[in-house]
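Below, each chain spelled out in residue letters.
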Amino acid sequence: MSMKQYDDPQALADALDSTDYIADEGLATAAFLALRMGRPLFLEGDAGVGKTALAQALAQVLDAELIRLQCYEGIDASQALYDWDFARQMLHLRAAESVADADRAEIEQELYDRRFLIARPLLKALETSPSVLLIDELDRADDEFEAFLLEVLAESAVTIPELGTIKATTPPLTVITSNRTREVHDALKRRCLYHWVAHPSFDREVEIIRRRLPEVSESLSRQVAAAVGRLRAADLLKPPGVAEAIDWAQALHLLGVRELTPESAARSLGAVLKYREDAERVVANDLDKLLAG
Amino acid sequence: MTSGWMLHYVDKEASAPARGVDETLLGFARMLRVAGVDVTPDRTMSMLQAVEALDVLRQDDVYWAGRLTLCSSPDDLPKYDAGFAAYFEGKEAVKRAGMAVEQPRPMHLPVGIDAPQGAEQEESDDDPIPGQATAQEVLRHKDFADLSEADRQALKRMFELLAPAAASRRSRRYRDSHTGITDPHRSIRAAMRTGGELTRLQWRDRRVRPRKLVIIGDVSGSMAPYSDALLRFAHAAVRRNPVSTEVFTLGTRLTRVTRELRLRNSDKALRAAGQAIPDWSGGTQLGEMLRAFLDRWGQRGTARRAIVVIFSDGWERGDPALLGEQMKRLHRLAHKVIWANPHKGHAGYEPLTAGIVAALPSIDEFVAGHSFDSYAKLARLIADA
């Protein structure tokens, strides 16, 4: 099955909109080109700006399965690509041995059959069509892992020594995210489209909150978006992302707050600020100022 | 945007015939490369493909096609925006002022880049002339501020041999080994070859990796006599461990020079770094700059569990309280914070400047950084950290 295509970035943006993911022009163009050019999309940006959510929304509009590979330090091929199911191989061997006239060569052949292969996310993505492959937080994996990814991304195929090459009929749409805790190697970036995901504009953020939390009033959503915007400009250790804005709006709503006041903000600050120093600084700088305007 | 907008770009030769789309775009890519964006031929090809997939007559589409394919880090984006405005909208003024990279000042450092390396010098390195060792010994302890041109040339070689390496740490990755813990996968794989009979266990052990090393060098005016040596030291460190070493300079702004220092040839590397640094010999706002480093790099991971070496005399023109606060933050992230100060090597030095006083509580090792010898000691300190 081939991947669904869209005529232009706006058409894709409209489709994403129907899944409640509101993409601005840059992001829509990036996703459109990734689809059209068959290139991986490399998304960088602060935590919580919606990089992972884009992959989820794309899977939804493309009617494709989302396959996620969460990166971490020490991840290697057997966790990302494939592994042999040794226990089953062993059982097969024992079972074959009990048959009297077993052909040794044939048994050995059978041992490396596809059914004994466990597909980890990368192989699974190549075998599933259509699929969206999310390689999440690549910056957490170590650099050897990037070199290993190059091969998979460039060829949309993997070679398994005992089995041969497995190639995707339809290459998956690959979305790679990075929080930029370290610089990803240029060789990998060169194979991708690069997009820096910035914090959303005020209007877009209000809309995102409204879509995600329809039960929260328009006025409270606007107040939260405005306050979060000011917090981002307020020189904090961890400026809040969209995810925090949504959390905050939800927390306020659950507390029965209708209007963002210094008192209600102080009570719920933990939903939006994740460092003690940040909370202290904001409270010391007067919550009124944060909410004014 | 109106259609046909691209025909309005400013051409230096007004009489030149209108160029084709490809040529225009290639010219744009070339110009960006000059402006400091790392535009490679394959990136340029991608841009042409991307423009083709979009609408070449829409300015926004061309903007995004170029940005998504030619840029590769947030640092590229301001240069791209300025370059795009200059090339396609004819805003020449923006090209200069808005560009993140200013015209580099001529490198005032007497690095002796162009000095020919005499054959005699080559020989004298190998010949154990009795006087030589003493001369080198003197040179080792000489303050960088008092060096002659010839001294610098001689020291250049010594720096190339320094290769400071960070101590290693145990990684989460495994490697095949003869000790450690059993590796069930490889053991069973080996058993497969003997018909399922486990004849020999296989082992694995944690891999050892070098710890991250971050070098932050102050290139403000007061540090000028030492900038050359500090960059040479950084170059040696990058050469030794290109992947796990990061180098930044700070003055009136923060510049990452790791990429430039990866060039093998030390003179070329230093020249490239010199051109990348826009703020030679300006003032320093250490606290402000350290915060920029922590916000953009440190907190995200560069400084996490790393050995951080700061080269500075601690002359803080900004708020010392801010410096103290940022040093505390750095100290929480880093494995070890080492501060090398050229003045510490001078007799009678007391750490009394407000900047140093504020920073001292968050420093693990406070060392001298005025002579080759002090750098060699620093290299050992880094190796043992």
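Every chain begins its residue count from 1, and numbering advances along the sequence as written. Think of it this way: whatever chain is written first is A, whatever ligand is written first is 1, and the rest follow in order. Where totals are concerned, whole chains, interfaces and linings use all residues; where local detail is concerned, this predicted model gives features only for residues with pLDDT of at least 70, and gives and counts side-chain atom pairs only at 80 or more. Water and hydrogen atoms play no part in the side-chain values, which are based on all heavy atoms of the structure.

1. Section: the overall build of chain B
Alright, step 1. Secondary structure counts use DSSP, requiring at least four H or I residues in a row for a helix and at least two E residues in a row for a strand, with both numbered from the N terminus. Along chain B, the regular secondary structure elements total 16 helices and 9 strands.
Alright, step 2. Looking at chain B residue by residue over its 385 residues, the buried ones come to 51%.
Alright, step 3. Look at the contacts in chain B between residues 6 or more apart in sequence, and 74% of them connect residues 24 or more apart.
Alright, step 4. Methods summary: accessible areas were calculated by the Shrake-Rupley approach with a probe of 1.4 Å, and residue burial reflects only the protein chains presented. About 18,100 Å² of surface is accessible on chain B, with carbon and sulfur atoms providing 53% of the total. For every residue, the accessible area obtained with a 1.4 Å probe (protein chains only) is divided by the maximum for its type, and the residue is called buried under 20%, exposed over 50%, and partly exposed between those limits. Note on contacts: a residue pair is in contact if any heavy atoms of the two residues lie within 4.5 Å.

2. Details of the interface of chain A and chain B
The accessible area lost on association of the parts is a frequent measure of interface size.
Alright, step 1. At the junction of the two partners, chain A supplies 48 residues and chain B supplies 51 residues.
Alright, step 2. As used here, buried area is the combined drop in accessible area, with a 1.4 Å probe, of two parts when they are placed together. Roughly 4,300 Å² of surface becomes buried between chain A and chain B when both sides are summed, with 48% attributable to carbon and sulfur atoms.
Alright, step 3. On the chain A side of the interface with chain B, the three residues burying the most area are Phe86, Arg180 and Tyr194 of chain A, jointly 16% of the side's total.
Alright, step 4. One speaks of a salt bridge when a side-chain nitrogen belonging to Lys or Arg is within 4 Å of a carboxyl oxygen belonging to Asp or Glu. Viewed at the interface, chain B and chain A are joined by 10 salt bridges.

3. A short note on the sheet that holds strand β5 (residues 131-136) of chain A
Hydrogen bonds along the backbone pair up the strands of a sheet, which may run parallel or antiparallel.
Residue and element names in this part refer to chain A.
Alright, step 1. When DSSP locates at least two bridges between a pair of strands, those strands are taken to pair. Reading across the sheet, the 5 strands line up as β2-β5-β8-β1-β9 and stay open at both edges, with parallel pairing between neighbours. Looking along the sheet, the strands with just one partner apiece sit at the ends: β2 (65-70) and β9 (193-196). The mean angle between the axes of side-by-side strands here comes to 20°, regardless of whether they run parallel or antiparallel. Every axis in this analysis is a line fitted to C-alpha atoms, fitted for helices over the stretch in contact. Angles between the N-to-C directions lie between 0 and 180 degrees.

4. Here's the deal with a nonpolar patch on the surface
Residues and elements named next belong to chain B.
Alright, step 1. Taken together, Leu198, Leu201 and Trp203 make up a surface patch of nonpolar side chains, about 270 Å² in accessible area.
Alright, step 2. As for its position among the elements, leucine 201 is in the loop between α9 (184-193) and β3 (203-210).
Alright, step 3. The class for leucine 201 is partly exposed, based on a relative accessible area of 42%. Exposure above 30% relative accessible area and the lack of any salt bridge qualify a residue for a patch; like charges then connect within 9 Å, and the nonpolar side chains Val, Leu, Ile, Met, Phe, Trp and Tyr within 5 Å.

5. With respect to unusual backbone geometry
All names here are of chain A.
Alright, step 1. Of note, the amide linkage connecting serine 129 to proline 130 takes the cis form, showing an omega dihedral of -5°.
Alright, step 2. Tracing the backbone through its elements, the reader meets proline 130 in the loop between α7 (121-127) and β5.
Alright, step 3. The phi dihedral of serine 156 falls on the positive side, at around 50°, and the residue is not glycine.

6. A short note on the nonpolar core
Alright, step 1. Leu58, Leu62, Leu122, Ile135, Leu138 and Phe145 of chain A together with Phe28 of chain B are the most contacted members of the largest nonpolar core, which totals 103 residues.
Alright, step 2. If you tally residues by element for this core, the top one is helix α2 (residues 25-37) of chain A, at 9 residues.
Alright, step 3. Not counting chain neighbours up to four residues away, the residues in contact with leucine 122 of chain A comprise Leu69, Ala80, Leu81, Leu133, Ile135, Phe148, Leu149 and Val152 of chain A.
Alright, step 4. Here, nonpolar core refers to any group of buried Ala, Val, Leu, Ile, Met, Phe, Trp, Tyr and Cys residues whose side-chain atoms link them within 4.5 Å. Listed in part, the 42 residues of the second largest apolar core include Phe144, Leu213, Ala229 and Val247 of chain B.

7. Some words on the side chain of arginine 232 of chain A
Alright, step 1. Turning to its location among the elements, arginine 232 of chain A is positioned in helix α11 (residues 218-232).
Alright, step 2. Among all residues touching arginine 232 of chain A, those that are not within four sequence positions of it are His199, Pro200, Glu205, Pro239, Pro240, Gly241 and Val242 of chain A.

8. Some remarks on the sheet that holds β3 of chain B
Residue and element names in this part refer to chain B.
Alright, step 1. If you walk across this open sheet you meet the 3 strands as β1-β3-β2, and the pairing is antiparallel. Two strands lie at the open edges of the sheet, namely β1 (168-177) and β2 (181-182), each paired on one side alone.
Alright, step 2. As judged from the 2 bridges shared by β2 and β3, these two strands associate in the antiparallel manner. Bridge assignment links threonine 182 to a residue of β3, and that residue is tryptophan 203.

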